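In case you want the letters, here they are:
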Amino acid sequence: MTSERRSTSRCPICQGPAVSDKNHPEGVRCRNSACRHNHHTTECPRCRAKDIAQATWRDDKWNYTCSDCEHVWTV
């Protein structure tokens, strides 16, 4: 019996478990929703970079930190 949870795919960022997803970089989506690999399309409103240093979920909103300019914003 093969289970999605027991797959050998690993997230390229945090090395946690991942599942196949053609819409994500490298063809996998991290099972950890706060992993920055899952937020690859998020763009910094200040510098327009798409490199997120950190993504956290609080009060039903995502809080992001940009890797380039260190700007912090909430969506």
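Further up the page is the structure itself.
Residues numbered from 1 in each chain as written. Predicted model: local features only at pLDDT ≥ 70, side-chain atom pairs only at ≥ 80, totals over all residues. Heavy atoms only, no water.

## Some thoughts on the sheet that holds strand β3 (residues 52–58)
Read from one edge of the open sheet, three strands run β3-β4-β5, paired in antiparallel fashion. Two strands bound the open sheet, and with one partner strand each, they are β3 and β5 (72–74). The sheet shows a mean angle of 20° between the axes of neighbouring strands, direction not considered. As paired elements, strand β4 (residues 61–66) and β5 share three bridges and run antiparallel to each other. Residue pairing in the sheet places Thr 65 in a bridge with Val 72 of β5. (Pairing = 2+ DSSP bridges. Helix = DSSP H or I, 4+ residues; strand = E, 2+ residues; numbered from the N terminus. Axes fitted to C-alpha atoms, helices over the stretch in contact; angles between N-to-C directions.)

## Side note on the pattern of salt bridges
Scanning all chains against the criterion turns up three salt bridges. A salt bridge links Asp 21 to Arg 29; its shortest N-O distance comes to 3.5 Å. According to the relative accessible area criterion, Asp 21 is buried, its value standing at 18%. What makes Arg 29 partly exposed here is its relative accessible area of 31%. For Arg 36, the salt bridge identified is with Asp 51, shortest N-O distance 3.3 Å. With Arg 36 in the loop between β2 (28–30) and β3 and Asp 51 in the loop between β2 and β3, this pair connects stretches of sequence that are 15 residues apart. The class of Arg 36 is partly exposed, set by a relative accessible area of 34%. (Salt bridge = Lys/Arg side-chain N within 4 Å of Asp/Glu carboxyl O. Buried < 20%, exposed > 50% of the residue type's maximum accessible area, 1.4 Å probe, protein only.)

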